[in-house]
Amino acid sequence: MAVLKVKFTKTKRDKLAQILWILNWVSVVSGIILFSLGLFLKIEIKKRNEVMAKGDINSVPNMLISVGVIACIINFLGGKICYDCSDANKFSRWKLVMLPYIVCTFCFTFCILVGALMCYTMRNELEESLYLGLRDAIKFYKDTDIPGRCFLKKTVDLLQIGFRCCGNNGFRDWFEIQWVSPRYLNMASKEVMDRLKSNVDGKFLVDGVPFSCCNPSSPRPCIQYQLTNNSAHYNYDFLTEELNIWMKGCREALLDYYTNIMRSIGIAALLVWLFELSVLVGVRYLQTAMKNVLLLGDLEGESEGWLLENSFVETAKYNINIIKNLGKANQISTVSGMNDPNINIQNTDCDKTNIATKSIPAAR
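Sequence positions are assigned chain by chain, starting from 1 and proceeding in written order. Per-residue local features of the predicted model are confined to residues with pLDDT of at least 70, and side-chain atom pairs are confined, for both listing and counting, to 80 or more; whole-chain, interface and lining totals are unaffected and use all residues. Note that the side-chain values use all heavy atoms of the structure and ignore hydrogens as well as water.

Student: What am I meant to see in the overall build of the chain here?
Tutor: Counting secondary structure elements, the chain contains eight helices and four strands. Only DSSP runs of H or I reaching four residues or more are called helices, and only runs of E reaching two or more are called strands; each is numbered from the N terminus. Across the chain, helices and strands are ordered from the amino to the carboxyl terminus as β-α-α-α-α-α-α-α-β-α-β-β. In this scheme, a residue with accessible area under 20% of its type's maximum is buried, one over 50% is exposed, and one in between is partly exposed, where area comes from a 1.4 Å probe on protein chains only. For the chain, the residues scored as buried account for 39% of the 364 residues in total. We call two residues in contact when some of their heavy atoms are within 4.5 Å. A separation of at least 24 residues holds for 69% of the contacts in the chain among residues at least 6 apart in sequence.

And the structure:
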């Protein structure tokens, strides 16, 4: 029994073909949108590549870019097919192509769904990449004279100013590393030498943060040194006063930024997937309706179209049986009383032989 059977007149078939032709061109535009969204996400990730560890975070934009290109190609071909299907004579040229085209398009729409879901599952990989990348960037913040690291100070400062954040998890991350370059330390100072000797690793650690952590909206001048020393500042209490530096960590700020982008891209990809799926359903109805017209021989009469010729269970069993018998040239498989179309072998009776023999003349 066919699934979701619908009757089509000649007029309905022509209108369906015209609508699908238009929708396929709209789908080409949706493919361009997917490509653009993937490219935008890739550029945004590339912008802050210095504070991200290497990983699979580019898998999502690469997936969207690939799907967008394939969408343009498939839907361009689909528009040509649907335009020709308004004429039964032209449809005969595409008759053998349409079913493989529908199968390929179904796999393609599934890839769009996968790409949309990947936008929501990328958060964990992105968070780990940001954590490791920011940790190393802050660690090498002081190395302004070392090739390959001299740009990190500027990168981190611009990041903290632009995203209004401080440190990796928070401003206390700066207390745990030496972020002041040794070239700016006065080694003749007793205070500096005491700090270096008091640390096991010989690092100059201070309870201070870089200037880029300061909040310019604060009414009080920025306190970026001796943050935990109440006596070092007038009318200051570290435990009760709201600090005039950014409290949010840069990892959280960047993660929120990219999460919002990926959530928007994921919604757009889901809408494109639903649209592509509706176009695919229409193409399937057109294909089956036109095929039945040719079988009936009445090009002006009514024909039936459907999504599946048999039920879901029968179709699944039939396709599984085809897969099992691939390569078995000497077997015939029947499902629901139908022969497997992939195998076309004549039945032979092995018990009977009909071999013509030729008599051999006796030697003289």
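Student: Can you help me understand the pattern of salt bridges in this one?
Tutor: Two side chains that carry opposite charge are able to pair once their charged atoms sit near each other. Salt bridge criterion: a side-chain nitrogen from Lys or Arg within 4 Å of a carboxyl oxygen from Asp or Glu. Taken as a whole and assessed by the stated rule, the structure comprises 10 salt bridges. Residue E127 is joined to R251 by a salt bridge in which the shortest nitrogen-to-oxygen separation is 2.9 Å. In this pair, E127 is assigned in helix α4 (residues 123-139) and R251 in helix α7 (residues 250-296), connecting sequence segments 124 residues apart. We note a salt bridge from D145 to R183, for which the minimum N-O separation is 2.8 Å. Taken together, the residues D145 in the loop between α4 and α5 (152-163) and R183 in the loop between α5 and α6 (190-198) connect sequence positions 38 residues apart. Note on R183: relative accessible area 54%, which makes it exposed. Salt bridges linked by common partners bring E44, K47 and R48 together as one network.

Student: Honestly, the environment of F204 in this entry has me stumped. Any pointers?
Tutor: Along the chain, F204 turns up in the loop between α6 and α7. When the C-alpha atoms of F204 and S181 are compared, they prove to be 9.2 Å apart, with 23 residues separating the residues in sequence. Discounting residues that sit within four places of it in the chain, F204 has contacts with I177, Q178, L185, V192, R195 and L196.

Student: I'm lost on the nonpolar core in this one. Help?
Tutor: Across soluble globular proteins, you tend to see nonpolar side chains buried next to one another. Buried residues of nine kinds, namely Ala, Val, Leu, Ile, Met, Phe, Trp, Tyr and Cys, make up a nonpolar core once their side-chain atoms join them within 4.5 Å. L126, F171, W174, V209, L227, V283 and L286 are the most contacted members of the largest nonpolar core, which has 79 residues in total. For this core, the elements supplying multiple residues, two or more each, are α1 (10-47), α2 (59-84), α3 (88-121), α4, α5, α6 and α7. The element contributing the most residues to this core is α7, with 18 residues. Throughout, the edges of the domains are those of an automatic or database domain assignment. Both of domain 1 (3-138 + 252-315) and domain 2 (171-247) provide at least three residues apiece to this core. When sequence neighbours within four positions are dropped, the list of residues in contact with L286 reads R13, L16, A17, L20, C82 and C85.

Worth remembering: the numbers are spatial, not functional.
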